[in-house]
Amino acid sequence: MSCTDRHPGLTRKFARALAVSFAVGFLASCAAVDPPVTTALPAGDPSQPRTSPKPYRAGLVPAPTNDGASGNSKELLVLVAISGGGKRSAAFSYGVLQTLSAATVDIRGLPHPVMDEVDLISGVSGGAFTAAYYALHRDAMFAKRDLECSYENSFLYANFESYIWGLYLLPWHWGWMFDGSYGSNDEMARHYAEHLFSGARPTGDQCIEPKIKRAHGVTFGDLYDVGPPVLMIGATDITKGFVFPFNQDGFDLLCADLSDYPLAWAVAASNGFPPVLSSISLENHHNGDCRPANKWLLDIDLSPSRSDSREPDVVTFERDKLLEDVARQYLKPGTRKFAHAMDGGITDNLALRGLSDWITMHSDQMGTVLGQTKRILLIVIDGQSTLDPKTAESEAGPQFFDALNALISTSIDQYNVETLATAKRELDKIVGKIAEARPNNRPPTAQMVHLTIREDCNTVRRDNLLGLGTSLGLSSDDVDALIEAGREIADRHMARITSALDLERETPPVRVTCPVEGHN
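This one's a predicted model, so the numbers in the text were calculated from it and none came from an experiment.

Asks: Would you mind showing me how to read the pairing of strand β7 (residues 230-237) here?
Replies: As a general feature of sheets, a regular strand has side chains that alternate between the two faces. Of all the eight residues making up β7, eight are buried; the element is thus mostly covered by neighbouring parts of the structure. Covered by surrounding structure in β7 are V230, M232, G234 and T236 together with L231, I233, A235 and D237, the residues of both alternating faces. Relative to β7, strand β4 (residues 118-124) runs parallel, the two sharing five bridges. Its bridge partner lying in β7, S122 is registered against M232. Two successive antiparallel strands, β7 and strand β8 (residues 242-246), enclose a turn made up of four residues, where G241 displays a positive phi of approximately 65 degrees. Pairing of β7 with strand β10 (residues 338-342), which is carried by two bridges, proceeds in the antiparallel orientation. Across the sheet, T236 pairs through a bridge with M342, a residue of β10.

This is the structure in structure tokens:
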């Protein structure tokens, strides 16, 4: 006698429960928010390149004039990159930005907040949350935890990992299973839009709701209105296996207007680890008559001999040639009408390759646009983890989740040194272009400051933090420790950061070490 014969009532109950679950999931699909679509760059005079009404590009975003900011000096170029690493990186970078926001640098005898001098902030995966929230709210990001819309309350101390599990375990979150145009990561993006990027602004002891509340949350057009620093979110286009930046340069590849696109979906794409979370689909609007206002793209040779090539340029091994080969696949898409953006950590876990590509694309204009620049500083906030040394002590090898963590995080981190070297070469390229544009002046100086958890002087805390997995759910104690480590490490590097921005004198990089016990 079978189990179902012995327990027919149990079978019927299970069938009813399953039917109810699928019914709830189907109804959830009806109530789901439709995912956003990319909109084509507006067409005007056919003889003129297309441009967005709010061109969200570094150098084209106007600074605010009514918020008390001291202004951004044209003599300084400050770039910030925040690595991937889930909430580990998000909390660590939050602590770093807290310290930087309280620091000042003297410019012509007047103190300027260091963060007011940041021109561009780049984030990937877990770091994209901190970068995006700061770009939207700036110093209001550091509101107290008991404020509902504060970053601490709405993200750092909230367990988003449980919501990811709920996508699969809770029927009322199964809407994405029944809608072919709506994936699991669209549901996560909707959650981010509701809780992080609705537009509610922490102000004093209250949350100020936006005048217009959109279903998809704030857009990059809203960031244009906020002003610098310009945000760049890194993702991976899995159809091409290459970095896809959520900035106007990236959307130019799609002939699309970034200003209409919601911030929450860009962050979701950057953090969407496969196969748990789906890709974010982006429609390509290139159809042969779109000419974006992007000189680098307009100069690319689209002749059949180049466009029909299936292989990247491997003759010269020059980075700009490789980028051109990738760009041709977007500009002449044929039947490949969509980009599918996923976890940015797959191709760029330091949020630096997108910056490097930005420099490469616009290097010919750097000398003119940055002609007054005297100091260049790149601050890399690296929330990397490390491989667990105990794994090598066991013959059995890593367990499933340990192996998964090594795959999605630590193995990628081992190759960060090459990414850092590439970024340094691109900074030197900017220096060279500026020097060419003003041959009679002293060339600018360029420095890179790399802030990493590995530099934590508290060795017990350091080893614990480096062992944390890559997820969106950490204990409050771990989040506290990460924030504190970020503050302390940034504080130890502050002399180096301020000296790199000193316009009165040139100083070599300041060496940073841990204090010796018993000495101040």
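That shown, we press on.
Asks: Quick question: what am I supposed to make of the pattern of salt bridges here?
Replies: Charged atoms that come close allow side chains of opposite charge to pair. A complete count under the given rule lists 23 salt bridges for this structure. Taking the shortest distance from any N to any O, the salt bridge between R487 and E484 comes out at 3.0 Å. With R487 and E484 both in helix α18 (residues 476-492), this residue pair falls three residues apart, about one helical turn. Among the charged side chains, a network of salt bridges with common partners joins E75, R108, K374 and E504.

Asks: Honestly, the pairing of strand β1 (residues 76-82) in this entry has me stumped. Any pointers?
Replies: Of all the seven residues making up β1, seven are buried; the element is thus mostly covered by neighbouring parts of the structure. The alternating pattern of β1 places L76, V78, V80 and I82 and L77, L79 and A81 on opposite faces, both of which are buried. Judged from the seven bridges that link them, β1 and strand β11 (residues 375-382) form a sheet pairing that is parallel. Bridge pairing in β11 places L79 opposite L378. Sheet analysis places β1 next to β4, joined by five bridges and oriented parallel. Its bridge partner being in β4, A81 is matched across the sheet by S122.

Calculation notes
- Residues numbered from 1 in each chain as written.
- Predicted model: local features only at pLDDT ≥ 70, side-chain atom pairs only at ≥ 80, totals over all residues.
- Heavy atoms only, no water.
- Buried < 20%, exposed > 50% of the residue type's maximum accessible area, 1.4 Å probe, protein only.
- Helix = DSSP H or I, 4+ residues; strand = E, 2+ residues; numbered from the N terminus.
- Pairing = 2+ DSSP bridges.
- Salt bridge = Lys/Arg side-chain N within 4 Å of Asp/Glu carboxyl O.

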